[in-house]
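Each chain, written out:
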2 protein chains.
Amino acid sequence: MSLANIKDSEVDIVIGALHSDLTSFMNEWRPIFSRFHLIIVKDPDLKEELRIPEGFNLDVYSKSHIDQVVGSSSSIVFSGYSCRYFGFLVSRKKYIVSIDDDCIPAKDSKGFLIDAVAQHLANLTTPATPFFFNTLYDPYREGADFVRGYPFSLRSGVTCALSCGLWLNLADLDAPTQALKPGQRNSQYVDAVMTIPSRAMMPISGINIAFDREAVGPALLPALKLAGEGNLRWETMEDIWSGMCVKVVCDHLGLGVKSGLPYVWRNDRGSAIESLKKEWEGVKLTEEIVPFFQLVRLPQTAATTEDCILEMATTVKQQLGPSNPVFTRAAEAMVEWVKLWKAVGSGSSPL
Amino acid sequence: MSLANIKDSEVDIVIGALHSDLTSFMNEWRPIFSRFHLIIVKDPDLKEELRIPEGFNLDVYSKSHIDQVVGSSSSIVFSGYSCRYFGFLVSRKKYIVSIDDDCIPAKDSKGFLIDAVAQHLANLTTPATPFFFNTLYDPYREGADFVRGYPFSLRSGVTCALSCGLWLNLADLDAPTQALKPGQRNSQYVDAVMTIPSRAMMPISGINIAFDREAVGPALLPALKLAGEGNLRWETMEDIWSGMCVKVVCDHLGLGVKSGLPYVWRNDRGSAIESLKKEWEGVKLTEEIVPFFQLVRLPQTAATTEDCILEMATTVKQQLGPSNPVFTRAAEAMVEWVKLWKAVGSGSSPL
């Protein structure tokens, strides 16, 4: 992996702290995270003090910082997993890596520790190929190339704006699936990265991602908040919604999205059966959300990620709003987020 | 892999014999092929007698059979790699598996022999999911499932009509790439199968494929014949053209295409540098072919694979024909192929 062009100082690692004791999480990640600046955002609903081990270069943000920046806005809620978006907002770095606090580094099929940050940065700094699928996966990987029949004019690729990593052990299933197969664990280590083709939609998970903040930062936003959302992944939809937004933006702006490596190891947490009641709302909304994002097209005049999000917010309000107030609130949050991003982003240095 | 629903008698293995001595090839595949009926089509340009070891259930077709069926047609040329298409034409089975005669069974990452036929049939008999990408790859694989955010309404999937396998050792590169990296070999065993999203185009290779002949058989056709085409893979484009035809047909008819497992082991053959001169024609044509197939849309009235191919032939002639006579000839071959398919396919038993 050639990361010659990235300095450690161009990267923020953003962690949403949903647990007060980050000791074990941070110590597991120490060999990988310690070179980088970390932004830890404490879930504003979390009462206990955070416990963070020594030896990291980090800034911690809590409810008071959030209130100070967001002020009286009521559209955007940073509680639960959404707290991480505050970290995306206050970062000033080109690249952000964000990993859930119930994940630790995974090992590859040979038993070696996987440097998830290095792999994410490799994904982001090599081109993506969204306009034609390469059957041998990432053509920029060592030992790989474009296969016969791949047009030479498309081989230089486009900028990769988003890297979506995967999960070993507890996969990112929804509550009904996890409840149906309580013993199921993902042990399939698939040694590949690929570009998701343009116009193909996918369920982007917020568990283990990295992105080019300068290119698509404003598209990673906390907009869809379920009424009964808790702080277990399978109770949330914010990342699925945000993921469709960012995929539509990337397709419109000619940027790429990769999926595959790196894996992280996800520890068990919570009872899927307890979550089932809450999850059904998200499962039902998905049926409306997916066709919407598959069909939405942005006008040529939308030339930046901010433009795209504002255009999409209008369409969400018009097309999805009438069927459920949760969509109207999401549209409002999208507009509010772009305002915030411009306001906070205009500052010359972090808080 | 659950193959409970497929009988061995529903499968033909079609081999285009470009080499006269198939002894080693057949013996390597014996543990896998011997249960099935084989159709071996001898390249009509090949002068020597075929050498085929004992112990297989097979039919061999040569130039005289081809002449008898095709008669005076001059649009379709069955020489070189295109001889296999004659096997597709005369088969009466639901499923066809076709593997180049310079490939032998590969071994998986644990050193076990890969049963490529079983994997292809597993790919074809489990649903495909072209309308939404599952980040954990084939959701029907044991231990896998749909990830959170995948719409339940799309989880039953669609019929998989085409399974595209991959290659270890000598990858399916074009002549310029292979000539530039003469020592490059593919050693990356990626343990995954995935559905290629609807409307995404890909370079389908004819080296190692399987398909549902009843569903899309007429779309696997020998239409694009390069002027300087030889009998090395990197000198051909017939499979790339046919692959785009079948992908467009699958997208139109709501069928799926999978790519990934199984791998075969491809032995070295020929000099890429010698082939470079011939290959440039194909490389240049690709630049016209790909945008054409990406944009072509079929009318709702095209309800069968035959209809789709005839519609595409008309569009090829109109849109690509003026730029190069090779495209006009391809369009004529497509029309002729559908005629042949209907004529030969109407017979109640194989030749």
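Residues numbered from 1 in each chain as written. Chains lettered and ligands numbered in written order. Predicted model: local features only at pLDDT ≥ 70, side-chain atom pairs only at ≥ 80, totals over all residues. Heavy atoms only, no water.

Chain A has the name UDP-arabinopyranose mutase in an unreviewed UniProt entry, where Populus deltoides is given as its organism. In UniProt, chain A has this text filed under Sequence similarities (unreviewed entry): "Belongs to the RGP family." Entered under Function (unreviewed entry) in the UniProt record, the comment concerning chain A runs "Probable UDP-L-arabinose mutase involved in the biosynthesis of cell wall non-cellulosic polysaccharides." (UniProt positions renumbered as here; feature names shortened; annotations may be inferred.)

Novice: Help me out: how do you make sense of the packing of aromatic side chains in this one?
Specialist: To describe a pair of aromatic rings, one takes the distance between the centres and the angle between the planes. Per the stated rule, a full pass over the model turns up 32 aromatic pairs over all chains. On the numbers, 4.7 Å between centres and 5° between planes, the contact of Trp29(A) with Phe33(A) is stacked. Of the two residues, Trp29(A) and Phe33(A) are both situated in helix α1 (residues 23-33); the distance of four residues between them amounts to about one turn of the helix. No difference in accessibility class separates Trp29(A) from Phe33(A), as the two residues are buried. Relative to Phe146(B), the ring of Tyr140(B) lies with its centre 5.8 Å away and its plane at 90°, an arrangement referred to as edge-to-face. What links up through ring pairs into an aromatic cluster is the set Tyr61(A), Phe78(A), Tyr85(A), Phe86(A), Phe88(A), Phe211(A), Trp337(A) and Trp341(A). For Arg155(A), the ring lying beneath its charged end belongs to Phe152(A), and the centroid distance is 3.8 Å. (Phe/Tyr/Trp six-rings, centres within 6.5 Å; stacked < 30°, edge-to-face > 60°. Helix = DSSP H or I, 4+ residues; strand = E, 2+ residues; numbered from the N terminus. Buried < 20%, exposed > 50% of the residue type's maximum accessible area, 1.4 Å probe, protein only. Lys NZ or Arg CZ within 6 Å of the ring centre and 35° of its normal.)

Novice: Which parts of the structure should I look at to understand the interface of chain A and chain B?
Specialist: Interfaces are often sized by the accessible area lost when the parts come together. Taken together, the 58 residues of chain A in the interface contact 58 residues of chain B. With both sides pooled, the region where chain A packs onto chain B buries about 4700 Å², and carbon together with sulfur makes up 59% of that total. Applying the counting rule to chain A against chain B returns eight salt bridges. Linking Arg155(B) and Asp174(A) is a salt bridge whose minimum nitrogen-to-oxygen distance equals 2.6 Å. For the interface between chain A and chain B, the tally reads 25 residue pairs in polar contact (both at pLDDT 80 or more). The set of elements that each furnish at least two residues to the side of chain A that touches chain B consists of β6 (160-169), α5 (175-180), α7 (238-253), β9 (256-266) and α8 (272-295) of chain A. If you tally residues by element for the side of chain A that touches chain B, the top one is α8(A), at five residues. The class makeup of the residues in the side of chain A that touches chain B is 31 nonpolar, 15 polar and twelve charged. (Contact = heavy atoms within 4.5 Å. Buried area = accessible area lost by both parts, 1.4 Å probe. Salt bridge = Lys/Arg side-chain N within 4 Å of Asp/Glu carboxyl O. Polar contact = N/O pair within 3.5 Å; in protein donor to acceptor, adjacent residues only side chain to side chain. Nonpolar A, V, L, I, M, F, W, Y, C, P; charged D, E, K, R; others polar.)

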